[in-house]
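A structural walkthrough
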Amino acid sequence: MRNTYQTPVLDEPDFTTGDLELEERHSLRRVAGLSTELTDITEVEYRQLRLERVVLVGVWTEGSAEDADNSLTELAQLAETAGSQVLEGLIQRRRQPDAATFIGRGKVDELRDAVVASGADTVICDGELSPSQLRNLEQQIKVKVVDRTALILDIFAQHAKSKEGKAQVELAQLQYLLPRLRGWGESMSRQGGGAGGGSGGGGVGTRGPGETKLETDRRRINQRIAKLRREIKAMRTVRETKRSRRQASGVPAVAIAGYTNAGKSSLLNRMTQAGVLVENALFATLDPTTRRTSAEDGRVYTLSDTVGFVRHLPHQIVEAFRSTLEEVAEADLVVHVVDGAHPDPEGQVSAVREVLGEVGADRIPELLVINKLDAATEETVLRLKRAWPDAVFVSARSGAGIDELLAAIAQRLPRPAIDMRILMPYDRGDLVARVHRTGQVLQSRHLDDGTEMQIRVDERLAAELESFRC
């Protein structure tokens, strides 16, 4: 008698799209220990190098010492999200950043000593450096220097998934890169030879290979920027078409906005079971996600998750992602999510409202939602309730306050303006469904020849229902 073996059938795990994206993101991490010393390369190649062991440096020009610490702490979180290991952080108190070196000549020596002592290969500055500041720091410290803008762009480049998102990030990177284009090393000298081979003079035929390479890179970057702008413009047209169709359908749109890592994606998952990626990292999700849901009274509306904001969000990002951020400006309601466990939630709110104002979304009705209620202290919760008495306090992790949030959203949804009493035949269930989906049913009763309804609808639907008015 021959024994037969059957492979046992196992239940497949219930993975969401977000779970799969998170697993893929964690499957490839940056490897520590690889050399990233300055070599004979151009900026185009240089911007693709990976960050590793870093020292942070910031300039405290205004506000309290706590504000300066919070800013550097956020820079450390950005660096870790980009795959770096933060070794040390320094803060320089100045009235304004030094025009030559950002931190001042004396602090440069201290920074160089910290880099040598810690074995760091990269310095990240908490601000946007000019090309001359970047060049001077690298010449004196002898390691790669990256500013806050380049760091955020690096994170965006890692996390962009959609075609539109990748194009937007590449455009922002190239716009940032163009004025900072340069070469390093003897073979990349900007000026070579001279009249008759001497060191002085100039004129035709005196440019070295570095200048030629830079001009080639500059021309290619300008061509690529023009092409990306055309592509994004075409994608923007598609997005506007979809938006106009949604608006024509009469379905209200609710946009979830807020500071990065405030829990926007977690909140969307909790309210709609969207299954989008959730990670405890800054700018974990960039591509907007839209889901349909309905209020208790049956009205259907859409919830859209948007890209997170941060203090001093690079203007290149705001400009490149303008078509995406305009989703917020075209919404009927902005659900502004705030991290209640953050040391400075008030600063987060100010930063988000500043960006919303740049894209014209400051005129949209706002519902303030304080998230991470389970992680915030009781003292913090009481302070925030006094500061924002109309805010809704929730925890996307535990589900606390979600019902109150859904009720608050439903209460703030735009309501149809026209009241009608209609007698709807029983064979027009399609119109009844539309009334329930986009309007409001105040009263209804079933009669022999149809359903008598007291409704409130918009002008477009009211015109279609005019023949059924009673």
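Our subject is the structure that appears above.
Residues numbered from 1 in each chain as written. Predicted model: local features only at pLDDT ≥ 70, side-chain atom pairs only at ≥ 80, totals over all residues. Heavy atoms only, no water.

**Digging into unusual backbone geometry**
Positive phi is not limited to glycine here, since Phe102 has a value of about 75°. With respect to the helices and strands, Phe102 occurs in the loop between strand E2 (85-93) and helix H4 (105-118). (Helix = DSSP H or I, 4+ residues; strand = E, 2+ residues; numbered from the N terminus.)

**Section: the pairing of strand E8 (residues 333-339)**
The side chains of a regular strand alternate, residue by residue, between the two faces of the sheet. Burial within E8 is extensive, with seven of its seven residues counted as buried. Taking every second residue as pointing to the same face, both faces of E8 are buried, with Leu333, Val335, Val337 and Asp339 on one and Val334, His336 and Val338 on the other. Of the pairings in the sheet, the one linking E8 to strand E9 (residues 366-371) comprises six bridges and is parallel in character. Bridge pairing links Val338 to Ile370 in E9. Crossover handedness for the path E8 to helix H12 (residues 345-358) to E9: right-handed. (Buried < 20%, exposed > 50% of the residue type's maximum accessible area, 1.4 Å probe, protein only. Pairing = 2+ DSSP bridges. Right-handed = clockwise from strand over helix to strand, strands pointing away.)

**Focus: the sheet that holds E9**
Read from one edge to the other, the open sheet built from six strands follows the order E6-E7-E5-E8-E9-E10, with strand pairing classed as mixed. On the outer flanks of this sheet lie strand E6 (289-294) and strand E10 (392-393), each paired with one strand and no other. Contacts from helix H9 (residues 264-272) reach strand E5 (253-258), E6, strand E7 (300-305), E8 and E9 within the one sheet, and its direction differs from that of E7 by about 155°. Sitting on the sheet, H12 touches E5, E8 and E9, and the angle it makes with E8 is about 150°. (Contact = heavy atoms within 4.5 Å. Axes fitted to C-alpha atoms, helices over the stretch in contact; angles between N-to-C directions.)

**Focus: the packing of H4 against helix H5 (residues 131-141)**
In the contact formed by H4 and H5, the axes pass within 10 Å of each other and the chain directions differ by 55°. Here H4 is positioned oblique relative to H5, judged by the angle of their axes. Here H4 and H5 pass one another in a crossing that is right-handed. Along the contact surface, H4 presents Val108, Leu111, Arg112 and Val115, while H5 presents Leu137, Gln140 and Ile141. (Parallel < 35°, antiparallel > 145°, perpendicular 65-115°, else oblique. Left-handed = near helix turned anticlockwise from the far one by under 90°.)

**A closer look at helix H6 (residues 148-159)**
Given 3.6 residues per turn, any residue in an α-helix points the same way as the ones three and four places further on. Over its twelve residues, H6 runs 17 Å from end to end, which matches the ideal 16 Å to within 8%, given 1.5 Å per residue. Considered for burial, the residues of H6 that qualify are Arg148, Thr149, Leu151, Ile152, Leu153, Asp154, Ile155, Phe156 and His159. (Expected span 1.5 Å × (residues − 1).)

**Some points on the nonpolar core**
With 55 residues, the main nonpolar core has Leu56, Leu78, Ile124, Phe156, Phe283, Phe309 and Leu313 as its most contacted residues. Element by element, the count of residues in this core is highest for helix H7 (residues 163-177), at seven residues. Core analysis: the next-biggest nonpolar cluster, separate from the first, contains 23 residues, Val254, Val392, Ala396 and Ala408 among them. (Core = buried A, V, L, I, M, F, W, Y, C linked by side-chain atoms within 4.5 Å.)

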